[in-house]
Amino acid sequence: WEKWTIFLHPAQRQLVEREYNGPARVSGSAGTGKTIVALHRSVHLARTNPDTRLLLTTFSETLANVLRAKLRQLISKEPRLGERIEVHAMNSIGKRLHEVNLGKVQIASSEIVRQMLQEASEAAQGNRFSLHFLMTEWEQVVDGWQLDTWEAYRDVTRLGRKTRLKEPQRGLLWSIFEGVRSRLRSKGVITYSGLFNRLASHFDGGARSPFDFVVVDEAQDVSIAQLRFLAALSAGRPNKLFFAGDL
């Protein structure tokens, strides 16, 4: 059974060993073996590129532990490859790289942000939006895209948001979101989106990437800010960035 969990079909091997001229994405429905492709891709890159470092990442600690276990099975006869493949949850590696390159940071939890939204909405005259709507608008649009001005929020295309907003409504909402941003600054905390946005700017600015290759499993759960961070790490170079995820 352990061998079967890391078995690679010939059709999958073509994806694993292929040369890509830039970032690549392999997608499929659940159970089609995308994680196996990501694991074998990581080992293939480490094996064929000596003295390089590789990041294998996914969106949660639980899945990162699963990847570590399967990776140990896959390289049991080549354990030294494991010294050059780091497996981390996305938020964990982001926080570590921020501490190493930009200093320690305190992350605002969802509960803290929700409380700040509640306070800011109560202070806004004429607000009739629910706290649930405010939270999702914050996470998916304002914080997700790291919008920092009224003009940016006024003009943004709110992809996937079913509620249409006229400019006066956006103006009211921005007064609430600006209140949250002010509260975050006063408490000296940031969100994970803010953290990854800072890292993206850092590596886009010329800082050397700590990884030569990045492989992402469950890529459908990567956030906008995390995607910017990953793009900055890889700089669009051939084979540097590989995604595997659901359709």
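Before reading further, recall that the structure is shown in the block above.
The following refers to the structure shown. Everything quoted here is computed from the prediction, not taken from an experiment. (Residues numbered from 1 in each chain as written. Predicted model: local features only at pLDDT ≥ 70, side-chain atom pairs only at ≥ 80, totals over all residues. Heavy atoms only, no water.)

1. Details of the packing of helix α3 (residues 34–48) against helix α4 (residues 61–74)
Phase 1: At their nearest, the axes of α3 and α4 sit 11 Å apart, and the two run at 55° to each other. For the element pair α3 / α4, the angle class is oblique. When you trace α3 past α4, the crossing you get is right-handed. In this structure, α3 uses Thr35, Leu39, His40 and Val43 to contact α4, whose residues at the interface are Leu67, Lys70, Leu71 and Leu74.
Phase 2: Considered class by class, the residues forming the contact of α3 with α4 number 5 nonpolar, 2 polar and 1 charged. (Axes fitted to C-alpha atoms, helices over the stretch in contact; angles between N-to-C directions. Helix = DSSP H or I, 4+ residues; strand = E, 2+ residues; numbered from the N terminus. Parallel < 35°, antiparallel > 145°, perpendicular 65-115°, else oblique. Left-handed = near helix turned anticlockwise from the far one by under 90°. Contact = heavy atoms within 4.5 Å. Nonpolar A, V, L, I, M, F, W, Y, C, P; charged D, E, K, R; others polar.)

2. Describing the nonpolar core
Phase 1: Of all hydrophobic cores here, the largest spans 28 residues; its most connected members are Leu56 and Ile85.
Phase 2: For this core, the secondary structure elements donating two or more residues are β1 (24–28), α3, β2 (54–58), α4, β3 (85–89), β6 (213–217) and β7 (241–246).
Phase 3: Per-element tally for this core: the top contributor is α3, with 7 residues.
Phase 4: Excluding residues that lie within four positions of it along the chain, Leu56 makes contacts with Ala38, Leu39, Ser42, Leu67, Ile85, Glu86, Val87, His88 and Val215. (Core = buried A, V, L, I, M, F, W, Y, C linked by side-chain atoms within 4.5 Å. Buried < 20%, exposed > 50% of the residue type's maximum accessible area, 1.4 Å probe, protein only.)

3. Digging into the side chain of Lys240
Phase 1: Structurally, the position occupied by Lys240 is in the loop between α11 (224–234) and β7.
Phase 2: No salt bridge is formed by the buried Lys240; its nearest oppositely charged neighbour, Asp212, is found at 5.0 Å.
Phase 3: Within polar-contact distance, the side chain of Lys240 engages the backbone oxygen of Asp212 at 3.4 Å.
Phase 4: Every residue in contact with Lys240, bar those within four places of it in the chain, is listed here: Asp212, Phe213, Val214 and Ser234. (Lys, Arg positive; Asp, Glu negative; His and termini not counted. Salt bridge = Lys/Arg side-chain N within 4 Å of Asp/Glu carboxyl O. Polar contact = N/O pair within 3.5 Å; in protein donor to acceptor, adjacent residues only side chain to side chain.)

4. Quick look at the sheet that holds β1
Phase 1: If you walk across this open sheet you meet the 5 strands as β1-β7-β6-β2-β3, and the pairing is parallel. Each having just a single partner strand, β1 and β3 make up the two edges of the open sheet. Direction aside, neighbouring strands of the sheet carry axes that sit 15° apart on average.
Phase 2: Seen against the sheet, α3 touches β1, β2, β3, β6 and β7 and runs at an angle of roughly 170° to β6. (Pairing = 2+ DSSP bridges.)

5. Focus: helix α9 (residues 167–187)
A turn of α-helix holds 3.6 residues, and therefore any two residues three or four places apart point the same way.
Phase 1: In this model, α9 (21 residues) spans 30 Å end to end at C-alpha, consistent with the 30 Å of a helix rising 1.5 Å per residue.
Phase 2: Looking at α9, one finds that the buried residues are Arg170, Leu172, Leu173, Trp174, Ile176, Phe177, Gly179, Val180, Arg181 and Leu184.
Phase 3: Looking one or two places after α9, you find Gly188, whose phi comes out positive at around 70°. (Expected span 1.5 Å × (residues − 1).)

6. Quick notes on the packing of helix α5 (residues 90–101) against α11
Phase 1: Running from amino to carboxyl end, α5 crosses α11 at an angle of 60°, the nearest separation of the two axes being 12 Å. Classed by the angle they form, the pair α5 and α11 counts as oblique. Between α5 and α11 lies a crossing whose hand is left-handed. Along its contact with α5, which presents Met90, Asn91 and Leu97, the element α11 presents Gln226, Phe229 and Leu230.

7. Overview of the pattern of salt bridges
Phase 1: Evaluated as defined, the whole model comprises 11 salt bridges.
Phase 2: We note a salt bridge from Lys34 to Asp246, for which the minimum N-O separation is 3.2 Å. Taken as a pair, Lys34 in helix α3 and Asp246 in strand β7 lie far apart in primary sequence, 212 residues in all.
Phase 3: The residue Arg161 makes a salt bridge to Glu137 at a minimum N-O spacing of 2.8 Å. Of this pair, Arg161 sits in the loop between α8 (150–155) and α9 while Glu137 is found in helix α7 (residues 131–142), placing the two residues 24 residues apart along the sequence. The pair formed by Arg161 and Glu137 is uniform in burial state, with each residue classed as buried.
Phase 4: Three or more residues are tied together by salt bridges with common partners; here these are Arg53, Glu86 and Arg96.

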